[in-house]
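# Fold and contact review
So you can see what is in the structure, the chains are spelled out below.
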Amino acid sequence: MTKYIIANWKMRMTKAGAKTFVQGLAALRDLPKEASTILCPPFPLIESCLGHPSFDVGAQTSGAFLQGPYTGEVSASLLKEMGCKYVIVGHSERRVHYGETNGVVKQKAQKVLQEGMTPILCIGEPLEIYKSGQANTYLQQQLQESLPEEGPLLIAYEPVWAIGTGETPSLETIEKTHYFLTSLLKTQTPIIYGGSVTGDNAKDILGLPSVSGVLVGGASLSLETFLPIIRSV
Ligand code: PGA
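An account of the accompanying structure is given in this report.

What counts as what
Per chain, the residues get numbers from 1 upward, laid out in the order the sequence is written. In keeping with the model being predicted, local features are shown solely for residues with a pLDDT of at least 70 and side-chain atom pairs are shown and tallied solely at 80 or more, while totals for entire chains, interfaces and linings include all residues. With hydrogens and water stripped out, all remaining heavy atoms of the structure feed into the side-chain values. A run of DSSP states H or I qualifies as a helix once it reaches four residues; a run of E qualifies as a strand once it reaches two. Both are numbered from the N-terminal end. Residue exposure (1.4 Å probe, protein chains only): buried if accessible area is under 20% of the type maximum, exposed if over 50%, otherwise partly exposed. In summary, the charge assignment counts Lys and Arg as positive and Asp and Glu as negative, without counting His or the chain termini. What counts as a salt bridge is simple: a side-chain nitrogen of Lys or Arg found within 4 Å of a carboxyl oxygen of Asp or Glu. In this analysis, two residues are considered to be in contact whenever any of their non-hydrogen atoms come within 4.5 Å of each other. Near residues are defined by distance, with any heavy atom within 4 Å of the molecule or strand qualifying the residue. The term polar contact refers here to a pair of N or O atoms within 3.5 Å; inside protein, the definition further demands a hydrogen-donor-capable atom paired with an acceptor-capable atom, and it admits residues adjacent in sequence only when both atoms are side-chain atoms. Here the accessible surface of atoms and residues is derived via Shrake-Rupley with a 1.4 Å probe, and residues count as covered only by protein chains that are part of the display. When residues are grouped by polarity, Ala, Val, Leu, Ile, Met, Phe, Trp, Tyr, Cys and Pro land in nonpolar, Asp, Glu, Lys and Arg in charged, and all others, Gly among them, in polar. Put simply, the grid is 1 Å and covers the protein atoms alone, a cavity is a trapped set of points that fit a 1.4 Å probe, a pocket is an open set with protein on both sides within 12 Å along at least five of seven lines, and lining residues have an atom within 4 Å of a point. Grid points are joined across faces, edges and corners, and a volume is the space filled by probe spheres set on the points. A helix's residues, less one, multiplied by 1.5 Å, set its expected span. Read the arc as the range of directions from the helix axis to the C-beta atoms.

## Points about the side chain of R95
With respect to the helices and strands, R95 occurs in helix α4 (residues 92-98). Among buried Asp, Glu, Lys and Arg side chains, R95 stands out as unpaired, with E100 the closest opposite charge at 6.7 Å. When neighbours within four sequence positions are excluded, R95 is seen to be in contact with G90, E100, N102, V105, C122, I123, Q142 and S146.

## With respect to the site of the ligand
What surrounds the ligand is a group of 13 residues, the closest being K10, H91, E158, G164 and S196. The side chain of H91 places a nitrogen or oxygen atom 2.7 Å from an oxygen atom of the ligand. G217 is positioned such that a nitrogen or oxygen atom in its backbone is 2.8 Å from an oxygen atom of the ligand. For the ligand, the protein covers 96% of the area, taking 280 Å² as the surface of the free molecule. Residues belonging to the shell around the ligand are distributed by class as follows: four nonpolar, seven polar and two charged.

## Regarding the layout of surface pockets
Computed from the structure, the largest pocket encloses a volume of approximately 460 Å³. As for the largest pocket, its lining consists of 16 residues, of which K10, M11, Q60, R94 and Y98 are closest to the centre. Here the lining of the largest pocket gets four residues from one element, more than from any other, and that element is α4. When its residues are assigned to classes, the lining of the largest pocket shows seven nonpolar, five polar and four charged.

## A few points about unusual backbone geometry
A positive phi angle is found at K10, which is not glycine, with a value near 50 degrees. Counting through the fold element by element, K10 comes out in the loop between β1 (3-8) and α1 (15-27). Unusually for a residue other than glycine, S196 sits at a positive phi of about 60 degrees. If you trace the backbone, S196 turns up in the loop between β7 (191-194) and α9 (202-206). For S196, a relative accessible area of 18% corresponds to the buried category.

## Considering the environment of S54
Following the sequence through the fold, S54 ends up in the loop between α2 (46-49) and β3 (56-59). Under the relative-accessibility criterion, S54 is labelled partly exposed at 31%. Separated by 28 residues in sequence, S54 and A26 place their C-alpha atoms 6.6 Å apart. When neighbours within four sequence positions are excluded, S54 is seen to be in contact with L25, A26 and T37.

## Concerning helix α7 (residues 135-146)
Taking 1.5 Å per residue, twelve residues should reach 16 Å; α7 reaches 16 Å between its end C-alpha atoms and fits that length. The set of residues buried in α7 consists of A135, L139, Q142, L143 and S146. Along α7, the residues classed as buried sweep out an arc of 95 degrees about the axis, all on the same side. In α7, the exposed positions that point more than 90 degrees away from the buried face belong to T137 and Q144. Buried residues belonging to α7 abut α4, α5 (102-114), β5 (118-123), α6 (127-131), β6 (154-157) and α8 (171-184).

Right under this line is the structure:
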């Protein structure tokens, strides 16, 4: 079974760092065949990551419109033209810092699909919801309101409290949450986990039958920390 190993570099990568990373990754010939590796660089670094058969490239977000007077936005159509195959939509950092609502996330996902790319739709509960035991209700609403009408996509379950904190839910909670999300979906959809994934916990998380991959932030910034995750597949 394919396991998606997705690097989300956020706003943390340099031009030189990307070059070293990409050259190193592209040179490797012994990566697990079941691993589908996807790099999601900041927009200006997309071009420098393209053109390597052993991994695909995605964007970290895209505009909710396909073209027009939207200063600073990057459309799904341009990302497609560049060579991206995936676009992350609805990451919690976009929701928190840029006010992206479920409705906007859905609109973005639809545009990504319209352009023939695959959205990586992120959902996840904040800490207070997790503590109150209401995570499933929260996730159900997020999913219902942000899921595009139809089309192949990946769903990333990323508890907000697990992102960049070194904390993760128990394996049992990840498994149960993924099965719960699967039960809400009409079509078979890979569900990946994100939040403090490292070379130390990747094997256990990827070993869960309901987990189709991982979305990796901090540990995706260097090959030294990212490769052990790919090799855990
Ligand atoms: P992290 O980030 O691996 O640094 O926790 C994951 C993410 O935000 O996608």
